[in-house]
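# Descriptive structure summary
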Amino acid sequence: MATKRKAGSADHPKEGGASGTKPKSAIKPTLKPAEGSNIGKKPNAAGKKGGKAAVAPLPPAQPSSKPAKVSQPKSRAKPDQKFAAAASPKPKPAPKLKPKSAAATVAEDIGTQSPVKPTAQQPDKPETPYQAAVAPLAAFASQMWQANPLSKLLPLDMAAIVEAVSTVSAQALEDPARANDEARELTLKLWQNASDTWTAAIARWSGQASPVTDRDKAPGGEVDRRFDAPEWEQNPFFHMMKQTYGLLSEQLLKQAERADLEGSDKQRLAFHLRQLIDASSPTVFLPTNPAALRKAMETGGTSVANGMRQLLADLDSGRLNMTDTEAFAPGRNLALTPGKVVFRNKLIELIQYAPKGEKAHEVPLLILPPWINKFYILDLQPKNSLVAYLVDQGFTVFMVSWKNPDASLEETSLDDYMLDGPIAASDAVRRITGAKQINAMGYCIGGTLLMMTLAALAAKGDDRFSSATLMVSMQDFTEVGDTAVFMDEPHIEFIEKQMLERGYLDSRHMSDMFNMLRPNDLIWGAVVNNYLMGEKPPAFDLLYWNADGTRMARAAHSFYLRNTYIENNLIKPGAITLLGEKLDLRKITQDIYAVGAEKDHIVPWRAAWQVTRLTGGDVRYVLAASGHIAGMINPPAKAKGGHLTNDSTSRAATPDDWLAGAVAKQGSWWADWAQWLAAHSGEKVAIPPMGSKTDKPLCDAPGTYVMER
């Protein structure tokens with residue numbers, strides 16, 4: 001038996017083995033029985049570690065319906081065209097929707113808040129003399145940035161940015177003729193821009209009509225709301241600065257597209273160049289932000305003083321405040337749906353919500369939120385609470401509230417999360433309601449945990465779950481979007497090193513990672529508002545939840561990351577062993593309702609769609625507008641957004657095939673899900689009691705675990 005690790009011990013073996021070797025197995029969780037569970041307690045055999053290999057698509061349960069291999073066309077269909085069709089007053093063939101604003105909602109892709117500063121992964125090519133010369137510069141830039149107090153607030157990987165710039169610079173040196181041609185073309189564009197700017201200014205000053213220009217776009221084609229201030233159009237100095245910034249940004253991204261790199265390396269290069277572009281915007285500096293300068297003059301410098309005070313306060317706390325942290329609190333104005341905590345163990349509190357009326361559907365619903373966040377994203381305020389909506393629709397709803405782990409739970413395994421999470425919770429739900437089967441819903445990685453649980457139970461012949469709902473959840477991790485930049489081997493090793501030192505992963509690490517996926521909305525927008533404009537952070541419930549993160553237990557989180565993002569083992573039959581069973585998603589026969597989000601940067605909608613080809617049950621896939629959070633928290637009463645459905649009885653072979661046959665519908669997807677869920681929830685019967693003789697109410701909702709920080 002291994003000796004318990006001591007903090008700072010030099011003789012503790014580091015996970016991953018010696019440098020340059022591959023470990024034979026991932027962390028092996030130790031099974032512990034869940035309270036009230038009838039599941040066996042076999043030791044777990046963890047999946048093997050190693051580099052992420054290409055995986056053939058998992059064959060479906062029925063050979064007759066075997067889908068074609070998922071293709072990756074050069075030009076993919078765009079869901080927003082479907083959403084545009086629903087909003088158009090006249091039927092038109094193949095309508096196109098104007099791109100959404102990048103800042104249409106700051107909550108589209110919020111994660112939870114910590115520094116993300118591992119060493120950037122390099123291509124598997126011999127180091128060139130140029131790269132060898134740049135390496136010390138990158139290290140120096142990283143050290144200088146770490147010495148800057150602002151590095152506590154802004155999670156920039158300065159070494160990776162320097163290396164990205166050096167890569168495109170080396171590429172230019174390899175082909176001087178093309179580099180000269182591009183420089184000449186760029187110079188002509190800059191001169192033309194200057195000429196057009198001053199011509200327009202002279203026309204305005206002389207009373208003539210100013211030439212009409214298109215709305216400026218951000219890199220990627222979306223309308224750039226950072227330049228909304230009128231001075232960016234009316235003042236020739238600021239207009240020329242904005243146009244120059246746009247041209248230089250466009251040229252830099254073109255260089256990334258032409259880089260002689262493959263796959264994730266090219267994606268990583270473009271990502272870090274975009275970070276440089278966003279951080280270099282003239283809008284994030286006081287002397288070059290006309291709106292901030294105007295406000296400083298209007299307030300006699302008070303806005304600048306207020307901004308400086310807020311900057312010093314944030315430096316003192318070590319966190320960039322994106323919202324008013326005093327404006328909200330669970331139980332005060334968040335998580336207000338009435339209910340009771342009816343069960344508690346070391347990892348969860350189980351909340352039973354009070355039903356409305358005298359009858360409810362006989363099959364209860366158990367909700368599994370992600371363990372890296374707190375559950376009340378699904379029960380914010382009454383006006384946007386999914387829980388309250390479900391209760392109003394006549395469902396008996398139970399919610400898992402995860403424990404915020406500390407170092408004492410370091411050895412908690414993913415088996416423990418399954419046994420003490422969905423298994424223990426479902427046992428309690430069945431004891432309280434008397435139901436033989438229950439429905440389950442999993443959000444994000446809560447959905448991944450649910451699918452692992454269903455596969456393990458299928459192997460045991462346990463059919464306690466009648467149906468499953470997956471909200472923006474991945475099972476196939478082949479395509480994970482920009483998240484791949486943070487989920488390669490060097491980053492995972494960096495995360496594991498942090499967890500070995502602390503016994504857990506701090507919530508700020510995951511938060512900063514997700515925030516970097518939408519830096520203009522979630523980082524630089526706050527910098528401009530708080531420090532340049534001197535405004536207080538807004539009171540926004542979604543952003544408050546974003547800042548109220550949870551830690552992650554070392555053993556469970558390491559096992560999860562390696563078996564999903566690194567090795568993609570969940571789609572390989574038998575590659576993962578949990579609860580003593582080899583997991584095979586094809587054995588899952590329950591009906592599934594899966595929903596993805598059009599603008600999701602955390603779980604790309606095509607990745608969420610992949611579940612339709614992985615299981616043996618019927619899967620209804622729905623695509624919601626917006627992103628990872630705003631797309632899910634969209635109550636019907638707001639009448640915002642839209643969603644796509646495809647009622648074809650034949651299973652689509654690819655996401656784009658599904659999209660081609662999808663129909664756009666106005667409003668929230670909640671109503672569509674409620675109708676599907678009602679059909680899987682039986683007749684309405686007398687409401688169950690709150691708790692039972694063995695599961696007596698312990699306290700009022702939202703409970704105690706959600707209050708832990």
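Since the structure is predicted, the reported quantities are computational estimates derived from the model, not experimental observations. (Residues numbered from 1 in each chain as written. Predicted model: local features only at pLDDT ≥ 70, side-chain atom pairs only at ≥ 80, totals over all residues. Heavy atoms only, no water.)

For the chain, the count of helices and strands is 20 helices and 17 strands. As displayed, the chain has an accessible area near 30,600 Å², and 56% of this comes from carbon and sulfur atoms. (Helix = DSSP H or I, 4+ residues; strand = E, 2+ residues; numbered from the N terminus. Areas by Shrake-Rupley, 256 points an atom, 1.4 Å probe, with all protein chains shown as cover.)

Taken N-terminus to C-terminus, the directions of helix H7 (residues 263-279) and helix H15 (residues 519-532) make an angle of 35 degrees; their axes are 11 Å apart at the nearest point. Here H7 and H15 pass one another in a crossing that is right-handed. Residue-level contacts link Gln275, Asp278 and Ala279 of H7 to Pro519, Asn520 and Trp524 of H15. A class-by-class count of the residues in the contact of H7 with H15 yields 3 nonpolar, 2 polar and 1 charged. (Axes fitted to C-alpha atoms, helices over the stretch in contact; angles between N-to-C directions. Left-handed = near helix turned anticlockwise from the far one by under 90°. Contact = heavy atoms within 4.5 Å. Nonpolar A, V, L, I, M, F, W, Y, C, P; charged D, E, K, R; others polar.)

Turning our attention to the environment of Gly667. Position of Gly667 relative to the elements: it lies in the loop between strand E15 (663-666) and helix H20 (670-679). Taking the C-alpha atoms as reference points, Gly667 and Pro636, 31 residues apart in sequence, are found 6.2 Å from one another. When sequence neighbours within four positions are dropped, the list of residues in contact with Gly667 reads Asn634, Lys640, Gly641, Gly642 and His643.

Once that is clear, we can look at the side chain of Ser151. Its location among the elements puts Ser151 in the loop between helix H2 (129-147) and helix H3 (158-174). A distance of 2.8 Å separates a polar atom in the side chain of Ser151 from the backbone oxygen of Asn148. (Polar contact = N/O pair within 3.5 Å; in protein donor to acceptor, adjacent residues only side chain to side chain.)

The next subject is the sheet that holds strand E6 (residues 438-443). Read across the sheet, 11 strands follow the order E15-E14-E13-E12-E7-E6-E4-E5-E2-E1-E17 without closing on themselves; strand pairing throughout is mixed. The sheet terminates laterally at E15 and strand E17 (699-700), the two strands that pair on one side only. As defined by bridge partners, strand E13 (residues 619-624) adjoins strand E14 (residues 642-645) across 3 bridges and the pair is classed as antiparallel. Paired with Leu623 across the two strands is Leu644, which belongs to E14. Each of strand E4 (365-368), E6, strand E7 (465-471), strand E12 (591-597), E13 and E14 is contacted by H20, which is oriented at about 170 degrees to E12, the strand it contacts most. (Pairing = 2+ DSSP bridges.)

As a further point, take a nonpolar patch on the surface. On the surface, a cluster of nonpolar side chains totalling about 320 Å² of accessible area is made up of Leu137, Phe140 and Met144. Here Leu137 is to be found in helix H2. (Patch = residues over 30% accessible without salt bridge, like charges linked within 9 Å, V, L, I, M, F, W, Y side chains within 5 Å. Salt bridge = Lys/Arg side-chain N within 4 Å of Asp/Glu carboxyl O.)

Here the focus is empty space enclosed by the protein. Empty space within the second largest cavity amounts to approximately 120 Å³. In terms of lining residues, the second largest cavity is bounded by 18 residues, among which Cys444, Ile445, Phe514, Tyr560 and Tyr565 are the most central. Put simply, the parts of the chain that give the lining of the second largest cavity at least two residues each are helix H12 (445-460), helix H14 (507-516) and helix H17 (554-566). If you tally residues by element for the lining of the second largest cavity, the top one is H17, at 4 residues. Looking at the lining of the second largest cavity residue by residue, the classes come out as 14 nonpolar, 4 polar and no charged. (1 Å grid on protein atoms, 1.4 Å probe; cavity = no way out; pocket = protein on both sides within 12 Å on 5 of 7 lines; lining within 4 Å. Points joined across faces, edges and corners; volume = space filled by probe spheres on them.)

Below, the discussion takes up the packing of aromatic side chains. This structure, assessed with the given rule, holds 18 aromatic pairs. Each member of the aromatic cluster is reached from another via a ring pair, and the members are Phe227, Trp232, Phe237, Phe238 and Tyr245. (Phe/Tyr/Trp six-rings, centres within 6.5 Å; stacked < 30°, edge-to-face > 60°.)

Turning our attention to helix H8 (residues 290-298). Those residues of H8 that sit buried are Pro290, Ala291, Ala292, Lys295 and Ala296. Of the residues that open H8, the one with a side-chain oxygen 3.1 Å from the backbone nitrogen of Ala291 is Asn289. Once H8 finishes, Gly300 follows within two positions and takes phi at roughly 65 degrees, a positive value. (Buried < 20%, exposed > 50% of the residue type's maximum accessible area, 1.4 Å probe, protein only.)

With that settled, consider the side chain of Arg551. Following the sequence through the fold, Arg551 ends up in the loop between helix H16 (541-547) and strand E9 (552-553). Summary of buried charges: Arg551 has no salt-bridge partner, and the nearest side chain of opposite charge, Asp406, is 5.6 Å away. At a separation of 3.5 Å, a polar atom in the side chain of Arg551 contacts the main-chain carbonyl oxygen of Arg709. Beyond its immediate chain neighbours, meaning those up to four positions away, Arg551 contacts Trp371, Asn404, Pro405, Asp406, Tyr504, Leu505, Asp506, Ser507 and Arg709. (Lys, Arg positive; Asp, Glu negative; His and termini not counted.)

Checked against the element boundaries, Arg586 lands in the loop between strand E11 (581-582) and E12. Take Arg586: its relative accessible area is 26%, and that puts it in the partly exposed class. The sequence separation of Arg586 and Gly616 amounts to 30 residues, and the corresponding C-alpha distance is 5.1 Å.

So, on to helix H11 (residues 414-433). Each full turn of the α-helix corresponds to 3.6 residues, which orients residues three or four apart in the same direction. Across its 20 residues, H11 extends 27 Å between first and last C-alpha, which sits within 8% of the 28 Å expected from 1.5 Å per residue. Maximum bend of H11: about 30 degrees, positioned at Ala424. Of all the 20 residues making up H11, 17 are buried; the element is thus mostly covered by neighbouring parts of the structure. The N-capping residue of H11, defined by a side-chain oxygen 3.3 Å from the backbone nitrogen of Asp415, is Ser413. The positive-phi residue at the C-terminal boundary of H11 is Gly434, with phi of around 80 degrees. (Expected span 1.5 Å × (residues − 1). Bend = angle between axes of the 7 residues up to and from the residue.)

The next point concerns the pattern of salt bridges. Oppositely charged side chains can form a pair if their charged atoms are brought close together. A complete count under the given rule lists 32 salt bridges for this structure. Residue Glu496 pairs with Arg562 through a salt bridge whose shortest N-O separation is 2.8 Å. Highlighted residues: Glu496 in helix H13 (residues 489-502) and Arg562 in helix H17, separated in sequence by 66 residues. Across this residue pair, the class does not change: Glu496 and Arg562 are buried. In this structure, the salt-bridge partner of Asp548 is Arg709, at a minimum N-O distance of 3.3 Å. Of this pair, Asp548 sits in the loop between H16 and E9 while Arg709 sits in the segment after E17, and the two are 161 residues apart along the sequence. Exposure remark for Asp548: the relative accessible area of 3% places this residue in the buried category. Take Arg709: its relative accessible area is 63%, and that puts it in the exposed class. One connected set of salt bridges, linked through shared partners, spans Asp427, Arg430, Asp462 and Arg464.

Another aspect to go through is the pairing of E7. The buried count for E7 comes to 6 of 7 residues, which makes it a mostly enclosed element. Pairing between E6 and E7: 6 bridges, direction parallel. Looking across to E7, one finds that Met441 is bridged to Thr469. At this point the chain moves from E6, through H12, to the parallel E7, and the crossover so formed is right-handed. In terms of strand pairing, E7 meets E12 through 5 bridges, oriented parallel. Directly across from Met471, in E12, lies its bridge partner Val595. (Right-handed = clockwise from strand over helix to strand, strands pointing away.)

Looking now at the pairing of E4. Because side chains alternate across E4, one face comprises the buried residues Leu365 and Ile367, and the other comprises Leu366 and Leu368, equally buried. Bridge count between E4 and E6: 4 bridges; the pairing is parallel. In the sheet register, Leu365 faces E6, and the bridge partner there is Asn439. Bridge count between E4 and strand E5 (residues 397-402): 3 bridges; the pairing is parallel. Its bridge partner being in E5, Ile367 is matched across the sheet by Met399. Regarding topology, helix H10 (residues 386-392) serves as the crossover connection from E4 to the parallel E5, and that connection is right-handed.

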